[in-house]
Structures are given as C-alpha cells and as structure tokens.
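If you want the building blocks of each chain, they are given just below.
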Amino acid sequence: MKHLKLVTQSAVVIALMATGFTAYGGGDVVSKASNIGGIINTRHNMTQSFLIPPANANVMDMARNQYGEVCVYCHTPHAANTQISLPLWNRTIPSTTYTTYNSSSMTQPVSQPGPNSLSCLSCHDGTVAIDSIINMPTTGGNPGSANYNQAQETSQNSTFLSSWINSSGINPSAHMTLSSPAGCLLCHSTEGTGALFPSAASFDVFVIGSDLRNDHPVGVRYPAMGPGVDFNATTGTHNNIAYFDGNGNSKLDPGDIRLYNTGQGFEVECASCHDPHGVPSNGVGTVNNKAFMRVSNSGSSLCLTCHVK
Ligand code: HEC
Ligand code: HEC
Ligand code: HEC
Ligand code: HEC
Ligand code: HEC
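Residues numbered from 1 in each chain as written. Chains lettered and ligands numbered in written order. Predicted model: local features only at pLDDT ≥ 70, side-chain atom pairs only at ≥ 80, totals over all residues. Heavy atoms only, no water.

Asker: Honestly, the overall build of the protein chain in this entry has me stumped. Any pointers?
Answerer: Each helix and strand counted, the protein chain has six helices and five strands in total. Along the chain direction, N to C, the helices and strands of the protein chain fall in the order α-α-α-α-β-β-β-β-β-α-α. With 309 residues in all, the protein chain has 41% of them scored as buried. Put simply, the protein chain shows about 15800 Å² of open surface, and 60% of that area lies on carbon and sulfur atoms. (Helix = DSSP H or I, 4+ residues; strand = E, 2+ residues; numbered from the N terminus. Buried < 20%, exposed > 50% of the residue type's maximum accessible area, 1.4 Å probe, protein only. Areas by Shrake-Rupley, 256 points an atom, 1.4 Å probe, with all protein chains shown as cover.)

Spelled out as structure tokens, the structure:
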C-alpha cells in the first residue's frame, strides 16, 4: 500500500514537472519567503502563497490541505482546542510521551514538554499531519458541510481531513507530516536518497522528533537566584510568564525571552526562545531574526540572556 501511494505521488509530481514547474537551482538553498513583515512572508505560511507562480505552491497540494488561510493551520476564532492552554488553538495535540533531555551536569528537574512546546511539537515531532486541525474553514474547498470534528483535538482523523478538496483539484489525501521519509521530506531532503525534489529546500534538521535528548532542554525549571547560580534573573512578569525585558519598556514584547509557569514553576519551553510568527530584527519592516528567534543570537546574546557563562 505504502509503495502504491508513493507511485501515485510520483506520478502527480512528474505531471506537475511537465507543466513547467521549476525548482530551486542546486547549491546553497535559500528561502523564497522574504521573512519580512508578518507570518505570511515566512516559512510558517503553510499555504506557501509566497511561491510565485502559484503553480509552484500547487506541487504541495498533494501533501497537505490547502486551506488558503495562514492562521488556520494553528488557530481558529471559534471551537478551539479545549484540551490545552494555548491561544485559540486549532491543531491536534495527541498524548505523546517524549524522551526528555538528561545529563549528569544538570541541576534542574526536567518534565514532559509543556503547552508552549507541545504547540511546536504538534508539527515538529513528525507525528501529526501539517494540516491536522479541528475546525477547517467554511470557505473554499468544502462549503457548507461538516468542517468541524472535536475528536481532532487529540487524534488525527485522516478521513475527516480528506473531506476537504483543494481548489487546485489535486487530491490532498497524503496529509503529510514533517517526518522522514514519507512526509514532507519525500521532497525536502538532502539526506534521504532519492528525494523526488532534491533541489527543494531541505527540512531534515527541522524534524525535532519525539526524542528530545539532542535538543536544548524544554520543560526544564529555571533555577532560583542565589549565590553561585550561573543564570540571570528575569526583569518582568506578565500573568504566568516571567521575561527578560529587552527594551526596558515594562511590557511583554515578542522580542522578549521568557519562561512559562503552567503549574510546575517557571520553565524553558520552545516559545521561550522562538516566536512562531517571526520577530523583526530591528523594528517594523526589517527582516525577521532567522529561525523565528525572539532575539538575534549574534555574539550568543540569546544564550547569554539566561546563562551567565
Ligand atoms: C512533491 C514534492 C514536495 C512535497 C511532498 C512537499 N514539497 Fe514543499 N516544496 C516542493 C518544491 C519543489 C518547492 C520549491 C518550489 C519553488 O521554489 O517554487 C517547495 C517549497 C516549499 C516551501 C517554501 C520553501 C522556501 O522557503 O522557499 C515550503 C515552506 C514547503 N515547500 C513546505 C512543505 C511542507 C510543509 C510539506 C509537507 C506537508 C511539503 N512542502 C511537501 C516540493 C514538495
Ligand atoms: C505555525 C503555527 C502558527 C501560525 C500559522 C500562527 N500562529 Fe499565532 N501562535 C502560535 C503559537 C504556538 C502561539 C503561542 C506562543 C506561545 O507559546 O507563547 C501563538 C500565539 C498567538 C497569539 C497570542 C500571543 C502572541 O504571541 O501574540 C496571537 C494573537 C496569534 N498567535 C495570532 C496569530 C494570527 C493572527 C495568525 C495568522 C496571521 C497566527 N497567529 C498564525 C502559532 C501560530
Ligand atoms: C503547522 C505546523 C507547524 C507548527 C505548529 C510549527 N511549525 Fe515550525 N515549521 C513548520 C514547517 C513545515 C517548517 C519547515 C518547512 C517550512 O519551511 O515551512 C518549519 C520551520 C521551522 C523553523 C526553521 C525556519 C528557518 O527558516 O530556519 C523553525 C525555527 C521553527 N519551525 C520553529 C517552530 C517553533 C519554535 C514552533 C512553535 C512555537 C513551530 N515551529 C511551530 C511547521 C510548523
Ligand atoms: C534555549 C533556546 C531554544 C529553545 C528552548 C528552543 N530552540 Fe529551537 N533554536 C534555537 C536557536 C538558537 C536556533 C538557531 C540555530 C541556528 O542558528 O541554526 C534554533 C533552531 C531551531 C530550528 C531550525 C533548525 C536548526 O537546528 O537550525 C527548529 C526547527 C527549532 N529550533 C525548533 C525548536 C523546537 C520545536 C523547540 C522546542 C522543542 C525549540 N526549538 C526550542 C534556540 C532554541
Ligand atoms: C530562557 C533561558 C535559556 C536560554 C535562552 C538558554 N538556556 Fe540553556 N538552559 C537553560 C536552563 C534553565 C537549563 C537547565 C540548566 C540545569 O539544569 O543546570 C539550560 C541548559 C542548557 C545546557 C545543558 C546543561 C547541562 O548540564 O547539560 C546547555 C549546554 C545550554 N543550556 C546551552 C544553551 C545555549 C547554547 C543557549 C543559546 C543557544 C541557551 N542554552 C539558551 C536556560 C536557557
């Protein structure tokens, strides 16, 4: 079955190539997203509308539902996920158990990733389809029919997702995850042998997986300040967030590194360092810090916000 699916997919790809599709040139692969001014211009735009002409984005229409809206892959204005404390969350969060970071030199307890990491991991651990949402848009491919499925909160139902029809007419039934090799890495891999599009941007390193032992610890409690503690003290709090007030305006800004307290004390999570919408490097209209960082890590300034080293 798996092989059959790959053959069908290859046929679609070859058909698209025949329609004049052009991929990246070889060598140093750069993003076609400008990374300036909002998430729409970043790689977190799952509609890939920044790929011009649109036919180039259509190549992805077999890989994921093309909802034609940027926010909906993560948020919904109504009927959001009630199982997790995240803003109007529209994505499936299964009860995955992660292998957490561990090392003998650590001083702090590490728990399972909290909500502010599970959000990212709902794509980046490679177990959930990029398009697995609870409340699909009513405009577009599937007007008027059942676009909402509450069970999607905790488990992916591909039959439900397949009721969506992409406007390109390409059947999106693959509902790919970021994982390798049968997911997005089918094309977006330089490590995999026989990637269908070896020239497409490689996402190999973006697959964090569910083994977090080779990643900066998340779900790790921030140490209490005191003599001999080689960490900086936060300089502001906002509800359950403690933050380093980068510009000294006494407000929580996207560019402020932060810690989240979701019941186990203030902890480092993925969103401590990253803002999934992108943060301008030098004020409105400037290019975002790379890799969705809240601050530039030039001179290791990100690391030195917390660590005294
Ligand atoms: C059939 C092959 C194929 C599959 C499968 C595929 N892609 Fe792509 N993707 C491409 C090609 C080719 C490009 C480059 C298009 C261009 O440059 O115009 C691309 C470009 C992109 C880009 C823009 C990269 C950039 O920064 O310029 C993103 C983002 C993207 N794909 C996401 C995904 C995601 C997410 C998945 C899985 C859900 C996926 N793709 C699956 C072939 C594929
Ligand atoms: C790739 C997933 C993703 C997409 C797409 C996305 N967001 Fe978010 N958004 C998040 C996550 C994750 C958080 C929670 C961040 C945290 O943990 O602090 C968030 C938080 C927010 C918040 C509240 C806190 C904050 O950081 O400001 C708002 C408002 C928001 N998003 C609006 C939007 C809008 C509007 C769009 C579309 C233009 C959008 N988001 C697209 C992932 C996404
Ligand atoms: C809707 C699925 C989804 C969610 C949710 C999501 N990501 Fe991503 N992210 C992707 C995909 C797919 C890529 C790689 C392909 C691409 O470029 O779109 C990516 C790329 C990235 C990159 C690399 C960007 C670059 O230019 O190097 C970073 C960093 C990243 N994500 C961090 C995060 C963090 C942190 C969160 C949570 C706050 C998050 N992502 C949430 C899908 C997601
Ligand atoms: C302590 C800060 C910190 C935390 C916590 C963190 N990251 Fe990152 N992440 C970074 C930095 C710094 C980079 C940029 C590396 C570079 O320049 O290539 C990065 C890069 C990435 C990339 C791009 C691939 C790469 O290696 O360059 C992805 C995807 C990503 N992070 C996802 C996540 C996810 C998912 C989590 C939570 C499980 C997370 N990050 C937690 C600091 C952090
Ligand atoms: C938001 C605060 C924060 C930021 C930013 C941060 N860290 Fe950490 N880091 C921590 C905490 C807390 C621990 C757990 C320390 C412990 O248990 O002793 C940790 C652990 C580590 C460890 C593991 C220590 C061990 O004993 O195994 C390393 C290495 C590390 N960080 C490096 C970095 C680097 C490199 C960066 C920048 C890319 C960075 N950190 C950014 C808070 C942070």
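Asker: Would you mind going over the nonpolar core with me for this structure?
Answerer: If you look at soluble globular proteins, the nonpolar side chains tend to sit buried side by side. Judged by nonpolar contacts, the single largest core of 22 residues is most densely connected at Tyr67, Met136, Met176, Cys184 and Phe203. The residues touching phenylalanine 203, leaving out its near neighbours within four places in the chain, are Arg43, Leu178, Cys184, Leu185 and His188. (Core = buried A, V, L, I, M, F, W, Y, C linked by side-chain atoms within 4.5 Å. Contact = heavy atoms within 4.5 Å.)

Asker: Can you walk me through the confidence of the model for the protein chain in this structure?
Answerer: In low-pLDDT segments, the atomic positions of the prediction should not be examined closely. Taken over all residues, the pLDDT of the protein chain has a mean of 87, while the share at 70 or more is 87%. A low-confidence stretch, residues 1-29 stays under pLDDT 50, and its non-local contacts, those more than four residues away or across chains, total 33 contacts. (pLDDT = per-residue confidence, 0-100.)

Asker: I keep staring at the site of ligand 2 and nothing clicks. Help me out?
Answerer: Not every one of the 14 residues close to ligand 2 is listed here, only the nearest: Cys71, Cys74, His75, Tyr260 and His277. Here tyrosine 260 contributes a side-chain N or O atom positioned 2.7 Å from an oxygen atom of ligand 2. At 2.9 Å from a nitrogen atom of ligand 2 is found a side-chain nitrogen or oxygen belonging to histidine 277. Per-class residue counts for the shell around ligand 2 are nine nonpolar, five polar and no charged. Each of domain 1 (1-214) and domain 2 (222-306) gives at least three residues to the shell around ligand 2. (Near = heavy atom within 4 Å. Polar contact = N/O pair within 3.5 Å; in protein donor to acceptor, adjacent residues only side chain to side chain. Nonpolar A, V, L, I, M, F, W, Y, C, P; charged D, E, K, R; others polar. Domains from an automatic or database assignment.)

Asker: Sorry if this is basic, but what is going on with the sheet that holds strand E3 (residues 241-243) here?
Answerer: Pairing between the strands of a sheet comes from backbone hydrogen bonds, and it takes one of two forms, parallel or antiparallel. A sheet is described by the order of its strands in space; here five strands give the open sequence E1-E5-E4-E3-E2, paired in antiparallel fashion. Of all strands in the sheet, those bounded by a partner on one side alone are strand E1 (220-221) and strand E2 (236-238). Bridge analysis of strand E4 (residues 258-261) against strand E5 (residues 266-268) gives two bridges, and the strand direction is antiparallel. Note that in E5 the partner of tyrosine 260 across the bridge is glutamate 267. (Pairing = 2+ DSSP bridges.)

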